[in-house]
Amino acid sequence: MIMVSVASGKGGAGKTSIAAALAELLGPARVFADCDVDAANGAIALGAALGTREPYDAGPGFKIDEKACTGCGLCAKVCRFGAIKPAPDGSGYRIVPELCERCGACLDACPSKAVVTFEKQAGELFVSGTRLGIPLVHAELVPGEDTSGKLVRKVRDKAERIAGGDSIVVLDSPPGIGCPVIASISGCDLVLVVVEASASGIRDAARLVELVASMRRKAVAIVNKAGLDGAMDLRAREMIAKAGIPLAGEIPFDPALRSAEEAGKTWLSLDGDSGARAAKALRAVRGVISGLSRRETDSNPSKEQP
Ligand code: SF4
Ligand code: SF4
């Protein structure tokens, strides 16, 4: 198996579109894992029909039984996240779910056993068929939930089980450089860094490149939305060269690329200069991938049916 993570640092850099086109180019033995569990768009890029679903349970939630609460305030003192506040009507204390990190300290601190746990579904995991015949693993985190790194790991594990030993898994990484991005890059054989040719795109990609280097992952880069500003194109190239990452190609900014997506096609289907340059850049990435050695699956070597 080979795992290729497509990441950009900045949202809106074109990462999902490039990941979808790369998955199409790589041939039949590939699985697409949409690791952007906060804003999953892989289903749109690949024209997915929603398939099987399973609940994602991130662990128990905590709440205060208002009838049992004496209002002593001990729980609020031990909560390091400021998630326990006095009830507005003065009837003891309450947990603010959005602030609760589920550490369980209040459970132990309460002398009245007024803090209780409850089962809490934090999201859903899906396996869907797509227009291109690429199995898609994707997920949705419930708004306000904060265990996105854990859910990314579940998406990856599921994709690996479906892929089996000989496949390539293309992971669409979330934006940023935080926990869910680390979860989507760790252990990958290659990180395709998509650098948007803009001031914010270059800055965010540079931070991502630092992260990739610290995780000792092999990387290759594509500059996207090139041609709007020559100075920005140059800065993007310089940043990539300084990081010692090979540049696979540059894809120009072209509204036709967006139109192709809205028509349910990847960028490979486009005629003209933009499509040709996208295909050329992605073929260069495919060349890097073909030089990687396959490895055994980490989680479960037996192939699961999508
Ligand atoms: S420690 Fe228990 S009894 Fe005291 S305020 Fe908190 S929930 Fe209520
Ligand atoms: S579980 Fe932890 S974070 Fe949540 S309210 Fe209790 S002490 Fe605070």
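Residues numbered from 1 in each chain as written. Chains lettered and ligands numbered in written order. Predicted model: local features only at pLDDT ≥ 70, side-chain atom pairs only at ≥ 80, totals over all residues. Heavy atoms only, no water.

### Re the pairing of strand β12 (residues 219-226)
For β12, a buried count of seven out of eight residues is recorded, marking the element as mostly surrounded by other parts of the structure. As judged from the six bridges shared by strand β11 (residues 190-196) and β12, these two strands associate in the parallel manner. The partner of Val191 across the bridge, within β12, is Ala219. The pairing of β12 with strand β13 (residues 247-252) spans five bridges and is classified as parallel. Each residue of the ladder has a partner; that of Ile222, found in β13, is Gly249. With helix α8 (residues 230-242) bridging β12 and its parallel neighbour β13, the resulting β-α-β unit is right-handed. (Buried < 20%, exposed > 50% of the residue type's maximum accessible area, 1.4 Å probe, protein only. Helix = DSSP H or I, 4+ residues; strand = E, 2+ residues; numbered from the N terminus. Pairing = 2+ DSSP bridges. Right-handed = clockwise from strand over helix to strand, strands pointing away.)

### Regarding the nonpolar core
Counting residues in each nonpolar core, the largest one holds 36 residues, and the members touching the most others are Leu22, Phe32, Leu192, Ile222, Val285 and Ile289. Contributing elements (two or more residues each) for this core: β1 (2-7), α1 (15-25), β10 (168-172), β11, β12, β13, α9 (255-262) and α10 (272-290). For this core, the leading source of residues is α1, giving seven residues. If we skip the residues at most four places from it in the chain, Phe32 touches Ala19, Ala20, Ala23, Gly42, Leu46, Ile134, Pro135, Leu136, Val137, Val170 and Asp172. Within the second largest apolar cluster, 24 residues are counted, among which are Met1, Leu125, Leu151 and Val155. (Core = buried A, V, L, I, M, F, W, Y, C linked by side-chain atoms within 4.5 Å. Contact = heavy atoms within 4.5 Å.)

### A short note on the site of ligand 1
Near ligand 1, the surroundings consist of 14 residues, among which Cys69, Cys72, Gly73, Cys75 and Cys110 are the closest. Applying the majority rule of atoms within 2 Å of the grid points places ligand 1 in the second largest cavity. Each residue belonging to the shell around ligand 1 can be placed in one class, and the counts come to ten nonpolar, four polar and no charged. (Near = heavy atom within 4 Å. 1 Å grid on protein atoms, 1.4 Å probe; cavity = no way out; pocket = protein on both sides within 12 Å on 5 of 7 lines; lining within 4 Å. Sits in = over half its atoms within 2 Å of the grid points. Nonpolar A, V, L, I, M, F, W, Y, C, P; charged D, E, K, R; others polar.)

### Side note on the site of ligand 2
Near ligand 2 there are 13 residues, and of these Cys79, Cys100, Cys103, Gly104 and Cys106 occur at the shortest range. Broken down by class, the residue content of the shell around ligand 2 amounts to ten nonpolar, one polar and two charged.

### Considerations on the packing of α1 against α10
At their nearest, the axes of α1 and α10 sit 10 Å apart, and the two run at 60° to each other. Note that α1 runs across α10; the crossing there is right-handed. Side by side, α1 and α10 meet where Ile18, Ala21, Leu22 and Leu25 of the first sit next to Leu282, Arg283, Val285, Arg286 and Ile289 of the second. (Axes fitted to C-alpha atoms, helices over the stretch in contact; angles between N-to-C directions. Left-handed = near helix turned anticlockwise from the far one by under 90°.)

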